[in-house]
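# Remarks on the overall topology
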Amino acid sequence: MLRNRLAIVLLTALAPAIWGSTYLVTTELLPPGRPLLAGVLRALPAGLLLIALTRRLPKGGWWWRSLVLGALNIGAFFALLFVAAYRLPGGVAATVGAVQPLIAAGLSVLLLGDRLSPRTLVSGIAGVAGVSLLVLRADARLDALGVAAALGGAVVMATGVVLSKRWTSPAPLLATTGWQLTAGGLLLLPVALLVEGPPPSGLTGANLLGYGYLGLIGAAVAYALWFRGIRALPPTSVTFLALLSPVVATALGWLVLGQDLSPVQAVGAVIVLGSLVAAQTQRPRTPARPVAGVPGTGPAAPAAPAGDTAEHADARPRRAA
């Protein structure tokens, strides 16, 4: 049982680790100033591909549920991430976004009847502190709209994770992943056209390679792993794994781009990893009270088996040249 849980955690952790490479791919391979276009091309083709491969469409209430989940996990999250990235330094945006596990823990109490443990609270606070040491700079400026967008991104992603746990689809995992990616991409498409205009002409081979990586690996593969983790793990445990994204982004900047890595940043990375381990090693807790429409959440129900999760926090898109 423990080995099975560990395997699921490690596979789910691959998703935010992949998302941590987004900043490197964006800055090195994609045209500048087009983060919303990157979001559309990352989500929509991958979603349509998965739907074509599985040949499954939503039925009944899963049409509107897929739209809601796609908006929360993909469309609204990417749009808010774009606003935060352009109005805040990346360190501020990442630090505000690191509150996502705490938000998910609170929503799990309200929507799933989970108990909020002291370890979760301490781990969540430590995660925010670790991310701030890792990416925050002393001269970072604050912008009210940017902070609100970063906080909104954390809220919609955490809500998407918790609702994905509450609304378990009977369809295969790849099919539901395709539904959400397609819905999110379609919702983001008009926003991208309005804000950034039509796609640039004359895309290079490097541009196409970058978009292909973001679509196939950063979306189709990563989101399938992410949603599989949501099905099998408590939502709060999954959202803690999203803190890996800034760690991986910082490590790739140091290894590939030759960026400096200070001792303070190294301490921050250790704190983040410690918070992840603490969050993943606590035992699942019996829900505190029944929740309407959620089977097995009454006080007498047995605890869920240990083996049973929003860009995710993607790294900051590149500013327009």
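Our structure is the block above this text.
Below: a short report on this structure. Just so it is clear, the model here is predicted, and its values are computed rather than measured.

Thresholds applied
Residues numbered from 1 in each chain as written. Predicted model: local features only at pLDDT ≥ 70, side-chain atom pairs only at ≥ 80, totals over all residues. Heavy atoms only, no water. Helix = DSSP H or I, 4+ residues; strand = E, 2+ residues; numbered from the N terminus. Buried < 20%, exposed > 50% of the residue type's maximum accessible area, 1.4 Å probe, protein only. Areas by Shrake-Rupley, 256 points an atom, 1.4 Å probe, with all protein chains shown as cover. Phe/Tyr/Trp six-rings, centres within 6.5 Å; stacked < 30°, edge-to-face > 60°. Axes fitted to C-alpha atoms, helices over the stretch in contact; angles between N-to-C directions. Parallel < 35°, antiparallel > 145°, perpendicular 65-115°, else oblique. Left-handed = near helix turned anticlockwise from the far one by under 90°. Contact = heavy atoms within 4.5 Å. Core = buried A, V, L, I, M, F, W, Y, C linked by side-chain atoms within 4.5 Å. Patch = residues over 30% accessible without salt bridge, like charges linked within 9 Å, V, L, I, M, F, W, Y side chains within 5 Å. Salt bridge = Lys/Arg side-chain N within 4 Å of Asp/Glu carboxyl O. Expected span 1.5 Å × (residues − 1).

With that settled, consider the overall build of the chain. Broken down by element type, the chain carries 13 helices and zero strands. Taken from N to C terminus, the helices and strands of the chain fall in the order α-α-α-α-α-α-α-α-α-α-α-α-α. Across the 321 residues of the chain, 53% fall into the buried class. When the accessible surface of the chain is totalled, it reaches about 14100 Å², and 71% of it is carbon and sulfur.

Okay, the packing of aromatic side chains next. Enumeration according to the criterion identifies six aromatic pairs in this entry. Ring centres of Tyr223 and Phe227 lie 5.7 Å apart, and the angle between their planes is 35 degrees; this geometry places the pair in the tilted category. With Tyr223 and Phe227 both in helix α10 (residues 205–232) and four residues apart, this pair spans about one turn of that helix. Each member of the pair, Tyr223 as well as Phe227, is classed as buried. Aromatic rings pair up to connect Trp19, Tyr223, Trp226 and Phe227 into one cluster.

Let's shift gears to the packing of helix α6 (residues 100–112) against helix α8 (residues 144–166). Orientation of α6 relative to α8, taken along the N-to-C sense of each, is 40 degrees, at an axis distance of 9 Å. On the basis of their axis angle, the class for α6 and α8 is oblique. The two elements α6 and α8 cross, and the hand of that crossing is right-handed. Listed contacts from α8 to Gln100, Ile103, Ala104, Leu107, Ser108, Leu111 and Leu112 of α6 are Leu151, Ala154, Val155, Met157, Ala158, Thr159, Val162, Leu163, Lys165 and Arg166.

Counting 60 residues, the largest nonpolar core has Leu181, Tyr223, Trp226 and Leu243 as the members making the most contacts within it. When neighbours within four sequence positions are excluded, Leu243 is seen to be in contact with Ala98, Pro101, Gly127, Val131, Val272, Ser275 and Leu276.

What follows concerns a nonpolar patch on the surface. Nonpolar side chains collect at one region of the surface, where Leu49, Leu53, Leu216, Ile217 and Val221 lie side by side and expose about 420 Å² of accessible area between them. Broken down by secondary-structure element, the contributors of at least two residues to the nonpolar patch are α3 (35–54) and α10. Ranked by residue count, the leading element in the nonpolar patch is α10, at three residues. Inspection of the secondary structure assignment puts Val221 in helix α10. Val221 sits in the partly exposed class, given a relative accessible area of 38%.

Look at helix α12 (residues 244–255): 16 Å from first C-alpha to last across 12 residues, which is about the 16 Å you get at 1.5 Å a residue. If you check which residues of α12 are buried, you get Leu244, Ser245, Pro246, Val247, Ala249, Thr250 and Gly253.

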